[in-house]
Amino acid sequence: MKKEPKFMSLRTKTILLLLIVFLVMLIGTVGILINVMMHRFEAIEETLLADHMTRTRNALNEKIDNLDKIAFDWGVWDDTYAYIEDHNEDYSAANLVEEVYRNLDIDAMVFIDSTGTFVYAMADDENSGTLTPIPQSLSDFIQSSQILNNDNPAVKLEGIILLPEGPMLIATSPILPSDANGEVKGNVVIAHWLDEAFINLLQDQLQLDLTFTLITVPDASPIDANFSIISDNLIQARGTIQNLTGEPILTLTIQTDREIYKVGEEGVYLVGGFIIVLSALWVIVLSFFMNTHFLSKLKYIKDSVDDIGTDKDFTKRLKKPASTDEFSVVIHEINGMLDDLESAQKDNAYKANHDALTGLPNRRLLSELLNYALKKAERDKTMLAVFFLDLDDFKNINDTKGHDTGDEILIQAAHRIASALRKSDVLARIGGDEFIIFLENIDQIATIELIANKILDCFKPVMTVKDSEFHLSTSIGISVYPVDGLNSETLFKHADMALYDAKEIGKARYAFYSVSTEAPKPTDPTSDPS
């Protein structure tokens, strides 16, 4: 009797094949994941060290900038200007003392006149606590530099120099009158040693282990940051610090522990083991439910939704499948939700930038438009006017006639104001009965006055709301760019102050902002603007 061959169902073969393939892929994926993640943690370590390197360089630059500010403050001081000419001992006795050095946190100060003569050159000796002559090496550097006989107010130095005693932070400034204009009488030099005390201060400030070493190799190239692993628990970064001329003179070394890498390594192995165990169980339970059509359709939906979510583009739609099944229903529902989201996005964008009652731009949109207009006005060198106006005695109408009547009046008022403006002018409601207008491309004040009078005139006709007649008027405060301010907040503030003055004088009129002690002079709306 012929034996029948052993039978294995296609389902069993499929399950076994899927199980073998999946386990092989899983193990390979976990192995790759571990290696990739470990490199990512190394990259995180290097990024953190690079950030520490940047912070340290920024701290040095901040100190140099501070020295530059000190040099400038002393260089453009009239007393210094006079001291360079007359060598007044009262000046040095009052200003060039140990306490000043300590308060300014500087180590050396030098005044040089226009002939290259050192009028004053003293350094703070921390050991003796007194002022002593500057090191000869610093004097030699100054005498060989371009500032010795400098008469150009734009020439100054700031950066790091290397002296035999060690590296020094230095900044210079021409000596000028307090308005920074006039003949250069000399130059002032302010310096601070990059010594152990300063490095310790940097370490405390940055909470880093810093080491500065001199570069002895000639013609060394600048290095942003090189990273090296010292041990399993220590990693370091090395970069160069340049002098005034951009030549590397110091090597900055920063060392940190590898806590991030160790925690990441432990987490990766723990998660990897958990994934292997969980995935094996998941394959046994769910492998017979998988099929190509399910995965492909699910992947398409996921990728499409991820793409839409990443781009925040709710105009995109998922393609309808050729067959009708559960996935086609899901795609139909997703497309319906995208329709709603697209509509809501457009509606929210409009509401975020417009007043709900009048439909006018709100404060947010107004600020954006005004900031853009200010940049254009600065570029084109034209004037720009800001009107701040509200309705006179509007609160009484709200209190006696109710908010519904008040809202209708605000709508009509917005239409009237808009009718008095040019197409290029922008009208916004910022709340209550307050409106702001800005006018671009203004070449003369008469244009501003003309538009202000047109706004006042548009309120003269009686306003009818719910069979009631109202005689309304408005008061306007005006500020003008660039005379009254260079930014939107200042122009708003000054226009508001001018509005207050207009109301104080009698309402139903406009007033320009004035910085004098006298109140702004409002213009009679019946007068000829020309």
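Quick notes on the rules
- Residues numbered from 1 in each chain as written.
- Predicted model: local features only at pLDDT ≥ 70, side-chain atom pairs only at ≥ 80, totals over all residues.
- Heavy atoms only, no water.
- Axes fitted to C-alpha atoms, helices over the stretch in contact; angles between N-to-C directions.
- Helix = DSSP H or I, 4+ residues; strand = E, 2+ residues; numbered from the N terminus.
- Parallel < 35°, antiparallel > 145°, perpendicular 65-115°, else oblique.
- Contact = heavy atoms within 4.5 Å.
- Nonpolar A, V, L, I, M, F, W, Y, C, P; charged D, E, K, R; others polar.
- Salt bridge = Lys/Arg side-chain N within 4 Å of Asp/Glu carboxyl O.
- Buried < 20%, exposed > 50% of the residue type's maximum accessible area, 1.4 Å probe, protein only.
- Pairing = 2+ DSSP bridges.
- Core = buried A, V, L, I, M, F, W, Y, C linked by side-chain atoms within 4.5 Å.
- Patch = residues over 30% accessible without salt bridge, like charges linked within 9 Å, V, L, I, M, F, W, Y side chains within 5 Å.
- Areas by Shrake-Rupley, 256 points an atom, 1.4 Å probe, with all protein chains shown as cover.
- Phe/Tyr/Trp six-rings, centres within 6.5 Å; stacked < 30°, edge-to-face > 60°.

Now for the packing of helix 11 (residues 394–401) against helix 12 (residues 403–419). Two measures define how a pair of helices packs: the angle their axes make with one another and the distance between the axes. Packing of helix 11 against helix 12 brings their axes to within 7 Å, and their N-to-C directions diverge by 140 degrees. As far as their axial angle goes, helix 12 and helix 11 are oblique. Facing helix 11, whose interface residues are Phe394, Ile397, Asn398 and Lys401, helix 12 presents His403, Thr405, Gly406, Ile409 and Leu410. Split into classes, the residues belonging to the contact of helix 11 with helix 12 amount to 4 nonpolar, 4 polar and 1 charged.

In this section: the pattern of salt bridges. With the rule as written, the count across this model stands at 16 salt bridges. Note that Asp124 and Arg102 form a salt bridge whose closest N and O atoms lie 2.7 Å from each other. With Asp124 in strand 2 (residues 118–125) and Arg102 in helix 4 (residues 98–104), this pair connects stretches of sequence that are 22 residues apart. With a relative accessible area of 42%, Arg102 lands in the partly exposed category. Among the ionic pairs, Lys395 bridges to Asp399, the shortest N-O distance being 2.8 Å. Taken together, the residues span about one helical turn, with Lys395 and Asp399 both in helix 11 at a distance of 4 residues. Judged on exposure class, the residue Lys395 and its partner Asp399 are both exposed.

A separate point is the sheet that holds strand 5 (residues 166–175). The 6 strands are arranged 3-2-1-6-5-4 in an open sheet whose pairing can be described as antiparallel. Whereas interior strands pair on both sides, the edge strands pair on one side only; in this sheet they are strand 3 (130–133) and strand 4 (158–163). This sheet shows a mean twist of 30 degrees between the axes of neighbouring strands, independent of strand direction. As paired strands, strand 5 and strand 6 (residues 186–193) are joined by 8 bridges and run antiparallel to one another.

Turning our eyes to something else, we now look at the sheet that holds strand 9 (residues 234–242). In a beta sheet, neighbouring strands pair by backbone hydrogen bonds and run either parallel or antiparallel. The strand order across the open sheet built from 4 strands is 7-10-9-8, with neighbouring strands paired in antiparallel fashion. Each end of this open sheet is capped by a strand with a single partner; those strands are strand 7 (209–214) and strand 8 (226–231). The mean angle between the axes of side-by-side strands here comes to 25 degrees, regardless of whether they run parallel or antiparallel. Pairing geometry for strand 7 and strand 10 (residues 248–257), over 6 bridges, is antiparallel. Paired with Leu210 across the strands is Ile254, a residue of strand 10.

Judged by nonpolar contacts, the single largest core of 43 residues is most densely connected at Met109, Phe111, Leu194 and Phe212. Within the second largest apolar cluster, 36 residues are counted, among which are Ala385, Ile397, Leu421 and Tyr510.

What follows covers a nonpolar patch on the surface. Where nonpolar side chains cluster on the molecular surface, the patch consists of Leu17, Val21 and Met25 and spans about 290 Å² of accessible area. For Val21, the position within the fold is in helix 1 (residues 10–75). According to the relative accessible area criterion, Val21 is partly exposed, its value standing at 38%.

Before going further, it helps to spend a moment on the side chain of Asn353. In this structure, Asn353 sits in helix 9 (residues 326–353). Here Asn353 falls in the buried class, since its relative accessible area comes to 17%. For Asn353, the residues in contact, after removing those within four places along its chain, are Leu360, Pro361, Asn362, Arg364 and Leu365.

A word on the packing of aromatic side chains. Counting across every chain of the model gives 8 aromatic pairs. Geometrically, the ring pair formed by Trp74 and Trp77 is edge-to-face, given 5.7 Å between the ring centres and 85 degrees between the ring planes. Note on Trp74: relative accessible area 10%, which makes it buried. Judged by its relative accessible area of 28%, Trp77 falls in the partly exposed class. Judged by centre distance (6.0 Å) and plane angle (80 degrees), the rings of Tyr83 and Phe111 are edge-to-face. Remark: Phe111 occurs in strand 1 (residues 108–113) and Tyr83 occurs in helix 2 (residues 78–86); sequence separation between them is 28 residues. Across the pair, Phe111 and Tyr83 agree in class, each one buried. In this structure an aromatic cluster arises from ring pairing among Trp74, Trp77, Tyr83, Tyr91, Phe111 and Tyr120.

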